[in-house]
Amino acid sequence: GIMAMTFGFIIPLGALVANHKKYLPHMTFQIFAMLLAIVGLILAIVYKEVNNERHFQHLHSIIGLVIIIACVLIQPGLKLLHITPIKNAIVKVWHKRIGISIVFFGLSNIFLGFLVLNTTPLYIKVLYGIWVILVIAVYLIFGAIKSDEQQTKKLEEEELFGFQLG
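Residues numbered from 1 in each chain as written. Predicted model: local features only at pLDDT ≥ 70, side-chain atom pairs only at ≥ 80, totals over all residues. Heavy atoms only, no water.

A.B. asks: With reference to specific residues and values, describe the packing of aromatic side chains.
C.D. replies: Applying the stated criterion across every chain, the model contains five aromatic pairs. The interplanar angle of 40° and the centroid separation of 5.9 Å between the aromatic rings of Phe9 and Trp131 together place this pair among those described as tilted. Of this pair, Phe9 sits in helix α1 (residues 2-19) while Trp131 sits in helix α5 (residues 122-141), and the two are 122 residues apart along the sequence. Its relative accessible area of 37% is what places Phe9 among the partly exposed residues. The class of Trp131 is partly exposed, set by a relative accessible area of 32%. (Phe/Tyr/Trp six-rings, centres within 6.5 Å; stacked < 30°, edge-to-face > 60°. Helix = DSSP H or I, 4+ residues; strand = E, 2+ residues; numbered from the N terminus. Buried < 20%, exposed > 50% of the residue type's maximum accessible area, 1.4 Å probe, protein only.)

Right under this line is the structure:
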């Protein structure tokens, strides 16, 4: 549902556009995703409450909560530091590193959600698996991971030495 769309599509797309210097669409996708994640979390808690079930008893829900905390608190906090006078290379690097972690943990956590639900048809699992492979391929083809490593090295050098080395 909401969480699968948020972490399986919107967040990866938002991260991909950020890697290509499209910051307004990136922020738009990620803010929309944050709002959907909060709605999804509230709906999950209400569902558990209505059905008299324990909260956060599966690895899926624990990982999901950590990812939502990273989305709603950590990433915007780092971004605010990044755009204020405190702006520095380390903040920018960590914003990107945590962002890419959110993408891949979010994609993976959907598989754990399938296990918890135990009612997801096999064809949905297969189609989602194909989608995840496509997302990873797009990240690799368009250099999302490689350019992050190059950018990280460049930014760390600038932070250490105050200028670009080469």
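Now that the structure has been shown, we can carry on.
A.B. asks: Would you mind going over the packing of α1 against α5 in detail, with residue names and values included?
C.D. replies: What describes two packed helices is the angle between their axes and the distance between those same axes. At a minimum axis separation of 11 Å, α1 and α5 run at an interaxial angle of 5°. Taken together, the axes of α1 and α5 are roughly parallel relative to one another. Of α5, the residues touching α1 (which contributes Gly8, Phe9, Pro12, Ala15 and Leu16) are Tyr128, Trp131, Val135, Val138 and Tyr139. Each residue belonging to the contact of α1 with α5 can be placed in one class, and the counts come to nine nonpolar, one polar and no charged. (Axes fitted to C-alpha atoms, helices over the stretch in contact; angles between N-to-C directions. Parallel < 35°, antiparallel > 145°, perpendicular 65-115°, else oblique. Contact = heavy atoms within 4.5 Å. Nonpolar A, V, L, I, M, F, W, Y, C, P; charged D, E, K, R; others polar.)

A.B. asks: If you had to explain α1 to someone new, which residues and values would you point to?
C.D. replies: The end-to-end C-alpha separation of α1 is 25 Å, in line with the 26 Å expected for 18 residues at 1.5 Å each. Along its length, α1 shows its largest kink, about 30°, at Ile10, and proline Pro12 lies within four residues downstream of that point. All of the buried residues in α1 are Thr6, Phe7, Gly8, Ile10, Ile11, Pro12, Gly14, Ala15, Leu16, Val17, Ala18 and Asn19. Phi turns positive one or two residues past the end of α1, at Lys21, with a value near 60°. (Expected span 1.5 Å × (residues − 1). Bend = angle between axes of the 7 residues up to and from the residue.)

A.B. asks: Could you give an account of the side chain of His26, with specific residues and numbers?
C.D. replies: For His26, the location among the structural elements is in helix α2 (residues 23-50). We classify His26 as buried; its relative accessible area is 13%. If we skip the residues at most four places from it in the chain, His26 touches Gly14, Ala15, Val17, Ala18 and His95.

A.B. asks: Describe α5, naming the residues involved and giving the relevant values.
C.D. replies: When the terminal C-alpha atoms of α5 are compared, their 28 Å separation across 20 residues agrees well with the 28 Å that a helix rising 1.5 Å per residue should span. The set of residues buried in α5 consists of Tyr128, Gly129, Val132, Val135 and Tyr139. Buried residues of α5, seen end-on, are gathered within an arc of 120° and therefore sit on one face of the element. Within α5, the exposed residues directed more than 90 degrees away from the buried face are Leu122, Tyr123, Leu127, Ile133, Leu140 and Ile141. (Arc of directions from axis to C-beta.)

A.B. asks: Can you tell me about the confidence of the model for the chain, naming the residues and giving the values?
C.D. replies: Put simply, the chain has an average pLDDT of 84, and 82% of its residues get 70 or more. The spread of mean pLDDT over the elements of the chain runs between helix α6 (residues 144-161), the lowest at 57, and α2, the highest at 92. (pLDDT = per-residue confidence, 0-100.)

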